[in-house]
Amino acid sequence: MTWIYLFLGGFFEVVWASTMKLSNGFSHFWYSFSTVIGMIFSFGFLALAVKNLPLSIAYPVWTGIGAVGSIIVGVVFFKDQLSLLTWVFVILLIVGILGIKFTSGH
């Protein structure tokens, strides 16, 4: 269950980052509200995960999920353009996240 909490925390990190962009500098109430709710859920699930995982494992995985998810949302929904070399580093980030998960012993 701990890893599910961590994944959900990373998912909500993507939610709040995406809605923060849509809030246009917190000038749109519902997107701003969604940002705050996403932050609460993101940090809440991280807090649940660190009850059973070391911070040195949970935090980098949480931020990595948020980073990769935000990249994907940026490309798909906001039409961000990434170079081929940037995609190579995104793949390395995914490999790093998976490596931490599978070698952590948790």
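It should be emphasised that the depicted structure is a prediction, and the values quoted were computed from it without experimental measurement.

## Considerations on the packing of helix H3 (residues 55-77) against helix H4 (residues 84-103)
In step 1: Two elements in contact, H3 and H4, have axes whose closest approach is 10 Å; the angle formed by their N-to-C orientations is 150 degrees. The two elements H3 and H4 meet at a crossing, and its hand is left-handed. In this structure, H3 contributes Ile57, Pro60, Val61, Gly64, Ile65, Ala67, Val68, Ile71 and Val75 to the contact, and H4 contributes Trp87, Val90, Leu93, Ile94, Ile97 and Ile100.
In step 2: Grouping the amino acids of the contact of H3 with H4 by side-chain chemistry returns 14 nonpolar, 1 polar and no charged.

## Focus: the packing of aromatic side chains
In step 1: Tallied over the full model, the rule gives 10 aromatic pairs.
In step 2: Ring geometry for Tyr5 versus Phe45: centroids 6.1 Å apart, planes at 25 degrees, classification stacked. Here Phe45 lies in helix H2 (residues 29-49) and Tyr5 lies in helix H1 (residues 2-22), a separation of 40 residues in the sequence.
In step 3: Here Tyr5 falls in the partly exposed class, since its relative accessible area comes to 24%.
In step 4: Under the relative-accessibility criterion, Phe45 is labelled buried at 16%.
In step 5: By the ring-pair criterion, three or more aromatic residues cluster together here, those being Tyr5, Phe11, Phe12, Phe41 and Phe45.
In step 6: Positioned above the aromatic ring of Phe78, the side-chain terminus of Lys21 is 5.5 Å from the ring centre.
In step 7: Lys101 extends its terminal NZ or CZ atom over the ring of Trp3, reaching a point 4.6 Å from the ring centre.

## Let's talk about the UniProt feature "transmembrane region" (unreviewed entry) in the protein
In step 1: In this structure's numbering, the residues bearing the UniProt feature "transmembrane region" (unreviewed entry) are residues 27-50, 57-78 and 84-103.
In step 2: Within the segment residues 57-78, helix and strand shares are 95% and 0% respectively, and the terminal C-alpha atoms sit 30 Å apart.
In step 3: Taken as a whole, residues 84-103 contains 100% helix and 0% strand, while its terminal C-alpha atoms sit 28 Å from one another.

## Examining the packing of H2 against H3
In step 1: Their axes nearest at 10 Å, the elements H2 and H3 cross at an angle of 150 degrees. Between H2 and H3, the angle is such that the two are roughly antiparallel. Here the hand of the crossing between H2 and H3 comes out right-handed. Of the residues in H3, those in contact with Ser42, Phe43 and Leu46 of H2 are Ala58, Tyr59 and Trp62.
In step 2: The residue inventory of the contact of H2 with H3, partitioned by class, reads 5 nonpolar, 1 polar and no charged.

Calculation rules
Residue indices begin from 1 for each chain and proceed along its sequence in written order. In view of the model being predicted, local features appear only for residues whose pLDDT reaches at least 70, and side-chain atom pairs are presented and counted only at 80 or more, with totals across whole chains, interfaces and linings using the full set of residues. Hydrogens are left out, water is left out, and the side-chain values use all remaining heavy atoms of the structure. Interaxial angle, 0 to 180 degrees, is taken between N-to-C directions of lines fitted to C-alpha atoms, where a helix line uses only the stretch in contact. Under the DSSP-based scheme used, a helix requires at least four consecutive residues in state H or I and a strand at least two consecutive residues in state E, with every element numbered from the N terminus. Crossing handedness: left-handed means the near helix sits turned counterclockwise from the far one by under a right angle, and right-handed means the same turn made clockwise. Note on contacts: a residue pair qualifies if any of its non-hydrogen atoms lie within 4.5 Å across the two residues. Residue polarity is assigned by list, with Asp, Glu, Lys and Arg as charged and Ala, Val, Leu, Ile, Met, Phe, Trp, Tyr, Cys and Pro as nonpolar; anything else, Gly included, falls into the polar class. A pair of Phe, Tyr and Trp rings is counted when the ring centres sit within 6.5 Å of each other, with Trp represented by its six-membered ring. The angle between the planes then sorts it: under 30 degrees is stacked, over 60 is edge-to-face, the rest tilted. Buried, partly exposed and exposed residues are distinguished by accessible area as a fraction of the type maximum, computed with a 1.4 Å probe on protein chains only: under 20%, between the cut-offs, and over 50%, respectively. Ring-over charges, as used throughout, are those where CZ of Arg or NZ of Lys falls within 6 Å of the ring centre and within 35 degrees of the ring normal. UniProt positions are given in the numbering used here, feature names are shortened, and annotations may be inferred rather than shown by experiment. For classification, angles of less than 35 degrees are called roughly parallel, those exceeding 145 degrees roughly antiparallel, those between 65 and 115 degrees roughly perpendicular, and all remaining angles oblique.

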